[in-house]
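A closer look at the structure
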Amino acid sequence: MQADALAQVRALDTQLTADPSTLAGVPPAPVATLVIFGAGGDLTKRLLMPALYNLAAAKLLDPAFIVLGVDRVAGDDEVFRGHQGEAIDAFLAQRGSHAAAPEATAWPWLRERLFYLQGDLTDPRTYEAIGWRLEERGRSDPAGGSAVFYLAVADRFFGPIIDHLAEADLLNENGRAFRRAVIEKPFGHDLASAKALNARILKVLDERQIFRIDHFLGKETVQNIMALRFSNGIFEPLWQRDHIDHVQITAAETVGVETRARFYESTGALRDMVPNHMFQLLAMTAMEPPNSFDADAVRTEKAKVVQAIHPLTEAQAVECVVRGQYGAGALGDAALPGYREEPGVAADSRIETYVAMKVGIDNWRWAGVPFYLRTGKRLATRKTEIAIHFKQAPFALFRDTSVEKLVPNILTLRIQPSEGASLQFSAKVPGPVVRLGGVTMEFRYADYFGAVNSTGYETLLYDVFMGDATLFQRADNVEAGWAVVQPVLDAWAAGQG
């Protein structure tokens, strides 16, 4: 097994479930064909195939499930299976002790369900061949014609692939068979391109058929935040402007751009993280209670929050947003290059690897409460968290004591790497005089529930098969996110900030 393959899997270990037994307890997905466009690419090897392996190990895939990989690279079924087997070897090597004996049959089971179709993604004959295979599967079982089209390709192919699928009549649903499309990010590069892409795919697909995937989120993350807020009477009454001073949302990475310099040079931290990842965390923190956990109910409340973010003026786009690049440094004894020294990065690049911004939400609950968002690469600590800073109690009672200041009350919701929550508050230090010390109450999901740290890419795939769109962005949410950052992009393009 190649060392670089193992390194790639190791870099993504928080996106895949370490122990498939944690996936048990839910019904298996219905029969379907997963058609992967760009099946010879990195995303298929690093994420899709290991996630499918875990679903197979947990027996959550139908016996008639198959994968049809589509790419222009020459190959056949056996070549495709061999390449994906290397990815599984790397995944299992990284997982180590979690590769339990009951999983021994998972890869042979999945391997024989992998098929390959060589074809140009812009050639109508490729889609005719896909249609023929789906029609053949549907003859014996009407539900067998169900298909999920996964666009694991560069974003310039999103629109053309959807158009070709529609022209080949592969998006229409008849009887028991469903047709769904999974679209990777980036979903647009600015507001105009996001609107154009939405308009293009909504001409031929219903919103319920579209799954705009964001691997940053997982069902546990979403439901943990909502459960903590809405199931506890001690939190919800305080969750508003009268009691909260400000909110800080952080997504920090210790890694650099690694092998993604080409992508990053055309994207940057703002486009890569803020309209999607960061605004999703903000929406979950600030949303009103949905009337149920139904996908549309949850996504409607999330969309309302993003739409209520106060539009930035030209001046605010400069004053309320800062950006930067990481410089050269060291990790232990290893020297690390600065961003401009990374392979593939221009020597005079102004692309940001760090961005921080202040936004406000114009609604009754959050009026006047600032939300601070920050994200970046090559930072000191890897963590994703939401810190709720409550307003401080009056200091008057402690004015004539040795207390110099009050410890802030902070509720921190940790998303990764260790899911949990902590609450910081003041307590009297033992002794004859009044002194205050900050103390912290900790809760870790792993301690109480034995939960494995993972964002669960398997969950996202499983939800697509089940038709559950809770974790996927709707068109209005996507466009609302881009609308917030567009003034910033415009200011930077004009040489400001």
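Describing the pairing of strand β4 (residues 147-151)
In terms of burial, β4 is a largely internal element, five of the five residues being buried. Burial of β4 is two-sided: the residues Ala147, Phe149 and Leu151 facing one way and the residues Val148 and Tyr150 facing the other way are all buried. Here strand β1 (residues 33-37) pairs with β4 via five bridges, running parallel. Its bridge partner lying in β4, isoleucine 36 is registered against tyrosine 150. Of the pairings in the sheet, the one linking β4 to strand β5 (residues 179-183) comprises five bridges and is parallel in character. Of the residues in β5, the one forming a bridge with valine 148 is arginine 180.

Some details on helix α2 (residues 42-57)
Between its terminal C-alpha atoms α2 stretches 22 Å, which fits the 22 Å expected from 16 residues at 1.5 Å a residue. Along α2, the sharpest kink reaches roughly 30 degrees, centred on leucine 48 and followed within four residues by the proline proline 50. Once α2 finishes, lysine 59 follows within two positions and takes phi at roughly 60 degrees, a positive value.

Considering the environment of tryptophan 364
Counting through the fold element by element, tryptophan 364 comes out in the loop between β11 (354-360) and β12 (370-376). Tryptophan 364 sits in the exposed class, given a relative accessible area of 72%. With 135 residues separating them along the chain, tryptophan 364 and arginine 229 place their C-alpha atoms 18 Å apart.

Regarding the pattern of salt bridges
Here the structure, examined in full by the defined rule, presents 24 salt bridges. When the shortest N-O distance is used, the salt bridge between glutamate 342 and arginine 378 registers 3.5 Å. Highlighted residues: glutamate 342 in the loop between β10 (334-336) and β11 and arginine 378 in the loop between β12 and β13 (383-390), separated in sequence by 36 residues. Judged by its relative accessible area of 8%, glutamate 342 is buried. Judged by its relative accessible area of 21%, arginine 378 is partly exposed. With a closest N to O distance of 3.0 Å, aspartate 476 and arginine 474 form a salt bridge. For aspartate 476, a relative accessible area of 27% translates into the label partly exposed.

Focus on the nonpolar core
One recurring pattern in soluble globular proteins is that nonpolar side chains are buried together. One finds Phe37, Leu52, Ile130, Phe149, Tyr150 and Tyr457 to be the most contacted residues of the largest nonpolar core, which totals 136 residues. With 11 residues, helix α10 (residues 268-286) is the single largest residue contributor to this core. Apart from the residues within four sequence positions on either side, phenylalanine 37 is in contact with Val70, Leu121, Tyr127, Ile130, Phe149, Tyr150, Leu151, Ala152, Val153, Ile161 and Leu165.

Quick look at the side chain of arginine 299
Secondary-structure assignment places arginine 299 in helix α11 (residues 295-307). The class for arginine 299 is buried, based on a relative accessible area of 4%. Discounting chain neighbours no more than four positions away, the residues touching arginine 299 are Glu207, Ala469, Thr470, Phe472, Gln473, Arg474 and Asn477.

Re the sheet that holds strand β2 (residues 66-71)
Here we have six strands laid out as an open sheet, ordered β3-β2-β1-β4-β5-β6, and parallel in their pairing. Of all strands in the sheet, those bounded by a partner on one side alone are β3 (114-118) and β6 (210-212). Here the strands of the sheet are splayed against their neighbours by 20 degrees on average, with no regard to which way each runs. Sheet contacts for helix α6 (residues 158-167): β1, β4 and β5; angle to β4, the most-contacted strand, approximately 155 degrees.

Some points on the packing of aromatic side chains
Going through the model one piece at a time under the given rule, you end up with 13 aromatic pairs. Consider the rings of phenylalanine 80 and tyrosine 116, whose centres lie 5.5 Å apart with planes at 35 degrees: the pair is tilted. Of this pair, phenylalanine 80 sits in helix α3 (residues 77-95) while tyrosine 116 sits in strand β3, and the two are 36 residues apart along the sequence. Through a chain of ring-to-ring contacts, the aromatic side chains of Phe443, Tyr445, Tyr448 and Phe449 assemble into a single cluster. For arginine 113, the ring lying beneath its charged end belongs to tryptophan 109, and the centroid distance is 3.8 Å. Over the aromatic face of tyrosine 326 sits the side chain of arginine 378, whose NZ or CZ is 5.2 Å from the ring centroid.

Some thoughts on the packing of α10 against α11
Two quantities define a packed helix pair, namely the angle between the helix axes and the distance between the axes. At a closest axis distance of 9 Å, the pairing of α10 and α11 adopts a crossing angle of 110 degrees. The angle between α10 and α11 places the two elements in the roughly perpendicular class. Across the interface between the two elements, Phe279, Gln280, Leu282, Ala283 and Ala286 from α10 touch Lys302, Val305 and Val306 from α11.

What counts and what doesn't
Numbers given for residues are sequential positions, taken from 1 along each chain in its written order. In keeping with the predicted nature of the model, local features appear solely for residues at pLDDT of at least 70, side-chain atom pairs appear and are counted solely at 80 or more, and the whole-chain, interface and lining totals rest on all residues. Only heavy atoms go into the side-chain values, all of them from the structure, while hydrogens and water stay out. Partly exposed describes any residue whose relative accessible area lies between the buried limit of under 20% and the exposed limit of over 50%, with all areas from a 1.4 Å probe on protein chains only and scaled to the type maximum. Put simply, DSSP marks the helices as runs of H or I at least four residues long and the strands as runs of E at least two long, and each gets a number from the N terminus on. At least two bridges found by DSSP between two strands is the condition for calling them paired. Expected span of a helix, by definition, is 1.5 Å for each gap between consecutive residues, and there is one gap fewer than residues. Across the chain, bend at a residue is computed as the angle between axes fitted to the seven residues ending at that point and the seven starting from it. What makes a salt bridge here is a side-chain nitrogen of Lys or Arg within 4 Å of a carboxyl oxygen of Asp or Glu, nothing more. The definition of a nonpolar core used throughout is a set of buried Ala, Val, Leu, Ile, Met, Phe, Trp, Tyr and Cys residues joined through side-chain atoms within 4.5 Å. By definition, residues are in contact when any of their heavy atoms lie within 4.5 Å. A fitted line through C-alpha atoms serves as each axis, taken over the contacting stretch for helices, and the angle formed by two N-to-C directions is quoted from 0 to 180°. Pairing of aromatic side chains here covers Phe, Tyr and the six-membered ring of Trp, requires ring centres within 6.5 Å, and sorts the geometry by plane angle: under 30 degrees stacked, over 60 edge-to-face, intermediate tilted. Placement of a positive charge over a ring is assigned whenever Lys NZ or Arg CZ falls within 6 Å of the ring centre and within 35 degrees of the normal to the ring plane. Small angles under 35 degrees read as roughly parallel and large ones over 145 as roughly antiparallel, with 65 to 115 read as roughly perpendicular and the rest as oblique.

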